[in-house]
Amino acid sequence: MLGLIGKKVGMTQVFDAQGRLTPVTVIKIEDNVVVGERTDEKNGYKAAVLGSIDKKKSTVTKPYAGQFKNVCEPKRVVVEFRDYEKEVKVGEVLGVDVFKDTTYVDVSGTSKGKGFAGGMRRYGFSGGRDTHGSKFHRDLGGTAMSSTPARTFKGHRMAGHMGNENVTVQNLKVVKIDEDLQVLMVKGAIPGPTHSVVIVKKAVKK
């Protein structure tokens, strides 16, 4: 499983050789440093631990800084990638060229938080009639059992906090890779606001 830590820059559009326009999301790949390795002998599985984006020194505790000792400056984002397909060593710096032979990727990020929302906005409920006197316009309707004890089952779709969840968009086509700018352009939109951290992995279904 190939993967890197990136930062969402924003969206733009590119033209191909035939003049066709493609909307793309630009992902900036900061220096991804290999800060650790997991092995079958020691951990029972294989993985590469990557770190990216320098952490403010005043916020670094000694226990946290210990994992970066003799490797690099403490990083704000640390991600473990299981069964990394590329041979890497601790201290190695990875760039966007990791995806040079990859056609499709999966991108994970935290979606935009939208605060408290009702059922119609959060789940797309149709609501009741808009006619005069219906008294049921944007309500959820029944939420509990009609027997004793009357209770609402866990996971029932109701009003609540909308957004701010981990979302993965699969099978995004890699349109362009710029190794000079360390930028990856993928077709379509990805979760999260501008400048948010995203995890880019080689597509698992392609």
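Rules and cut-offs
All residue numbers refer to positions counted from 1 along the written sequence of the respective chain. Local features are withheld for residues below a pLDDT of 70 in this predicted model, meaning they are given only at 70 or higher, and side-chain atom pairs are given and counted only at 80 or more; totals for whole chains, interfaces and linings count all residues. Computation of side-chain values covers all heavy atoms of the structure but excludes hydrogens and water. Secondary structure elements are defined from DSSP: runs of H or I of at least 4 residues count as helices, runs of E of at least 2 residues count as strands, and each element is numbered from the N terminus. The globule rule used for comparison is 2.2 Å times the number of residues to the exponent 0.38, while the radius of gyration itself is calculated over C-alpha atoms. Accessible area is worked out with a 1.4 Å probe on protein chains only. A residue is then buried under 20% of its type maximum, exposed over 50%, and partly exposed in between. Contacts are residue-level and defined by heavy atoms, with any inter-residue pair within 4.5 Å sufficient. Computed with the Shrake-Rupley method and a 1.4 Å probe, the accessible areas treat only the protein chains shown as cover for residues. At least two bridges found by DSSP between two strands are what make those strands a pair. Any residue with an atom within 4 Å of a point lines the site, the site being either a cavity, points on a 1 Å grid over the protein atoms alone where a 1.4 Å probe fits but cannot get out, or a pocket, an open set with protein on both sides within 12 Å along at least 5 of 7 lines. Grid points are joined across faces, edges and corners, and a volume is the space filled by probe spheres set on the points. When residues are grouped by polarity, Ala, Val, Leu, Ile, Met, Phe, Trp, Tyr, Cys and Pro land in nonpolar, Asp, Glu, Lys and Arg in charged, and all others, Gly among them, in polar. An axis is simply a line fitted to the C-alpha atoms; with a helix, the fit covers only the stretch in contact. Between two such axes, the angle follows the N-to-C directions and lies from 0 to 180 degrees. Side-chain rings of Phe, Tyr and Trp (the six-membered ring for Trp) are treated as a pair once their centres are within 6.5 Å; stacked means planes under 30 degrees apart, edge-to-face means over 60, and tilted covers the remaining angles. Remark: a charge is flagged as sitting over a ring if the NZ atom of Lys or the CZ atom of Arg is within 6 Å of the ring centre and within 35 degrees of the ring normal. Counted as positive: Lys and Arg. Counted as negative: Asp and Glu. His and the chain ends are not counted at all. Counted as salt bridges are all cases of a side-chain nitrogen of Lys or Arg within 4 Å of a carboxyl oxygen of Asp or Glu. In protein, a polar contact means a hydrogen-donor-capable atom and an acceptor-capable atom, both N or O and within 3.5 Å, with residues adjacent in sequence counting only if both atoms are side-chain atoms; elsewhere, any N or O pair within 3.5 Å suffices.

Caption draft 1: Seen up close, the overall build of the chain. The helix and strand inventory of the chain stands at three helices and twelve strands. Computed over the C-alpha atoms, the radius of gyration of the chain is 23 Å, more than 25% above the 17 Å expected from 2.2 N^0.38 for a compact globule of 206 residues. Along the longest, intermediate and shortest principal axes, the C-alpha atoms of the chain span 70 × 55 × 35 Å. Each of the 206 residues in the chain was classed as buried or not, and the buried ones make up 33%. Once local pairs closer than 6 in sequence are excluded, the contacts in the chain between residues at least 24 apart make up 67%. Per element, the accessible surface of the chain, about 13100 Å² overall, is 48% carbon and sulfur.

Caption draft 2: Main features of the sheet that holds strand S3 (residues 32-38). The strand order across the open sheet formed by four strands is S5-S4-S3-S6, and the pairing between neighbours is antiparallel. Either end of the sheet is taken by a strand with one partner, and the two such strands are strand S5 (75-82) and strand S6 (93-94). Examined bridge by bridge, S3 and S6 share two bridges and lie antiparallel to one another. When the bridges of S6 are listed, Asn-32 appears paired with Leu-94.

Caption draft 3: Here's a closer look at the layout of surface pockets. Computed from the structure, the largest pocket encloses a volume of approximately 250 Å³. What lines the largest pocket is a set of 13 residues, and nearest its centre among them are Glu-37, Lys-46, Ala-47, Tyr-84 and Glu-87. Of all the secondary structure elements, the ones that give two or more residues to the lining of the largest pocket are S3, helix H1 (40-43) and strand S4 (47-54). For the lining of the largest pocket, the per-class residue count stands at four nonpolar, one polar and eight charged. In this structure, the second largest pocket occupies an estimated 180 Å³ of space. Around the second largest pocket, the lining residues are Val-14, Asp-16, Arg-20, Thr-22, Lys-173, Val-175 and Lys-187. Per-class residue counts for the lining of the second largest pocket are two nonpolar, one polar and four charged.

Caption draft 4: Representation of the sheet that holds strand S1 (residues 3-15) in the model. The six strands are arranged S1-S2-S11-S10-S7-S12 in a closed barrel whose pairing can be described as antiparallel. Shown here is a sheet whose adjacent strand axes are inclined to one another by a mean of 50 degrees, direction ignored. Relative to strand S11 (residues 183-187), strand S2 (residues 21-28) runs antiparallel, the two sharing five bridges. Across the sheet, the residue bridging to Val-24 is Lys-187, located in S11.

Caption draft 5: Local environment of the pairing of strand S10 (residues 166-178). Relative to S10, strand S7 (residues 104-110) runs antiparallel, the two being bridged by six bridges. Along S10, the bridge assignment pairs Tyr-104 with Lys-173. The turn linking S10 back onto S11 is made up of four residues, and Gln-182 within it adopts a positive phi angle of 55 degrees.

Caption draft 6: Geometry of the packing of aromatic side chains. Summed over all chains, the structure comprises three aromatic pairs. Positioned over the ring face of Tyr-64 is Lys-55, at 5.5 Å from the centre of the ring. The residue whose ring lies beneath Arg-82 is Tyr-45, and the NZ or CZ to ring-centre distance is 3.8 Å.

Caption draft 7: Representation of the side chain of Lys-8. Residue placement: Lys-8 occurs in strand S1. It is Glu-30 that comes nearest to the buried, bridge-free Lys-8 among opposite-charge side chains, at 15 Å. Of the polar contacts made by the side chain of Lys-8, one reaches the backbone oxygen of Gly-192; its length is 2.7 Å. Those residues in contact with Lys-8 that sit more than four places away from it in its chain are Thr-25, Val-26, Ile-190, Pro-191, Gly-192, Pro-193, Thr-194, His-195, Ser-196 and Val-198.

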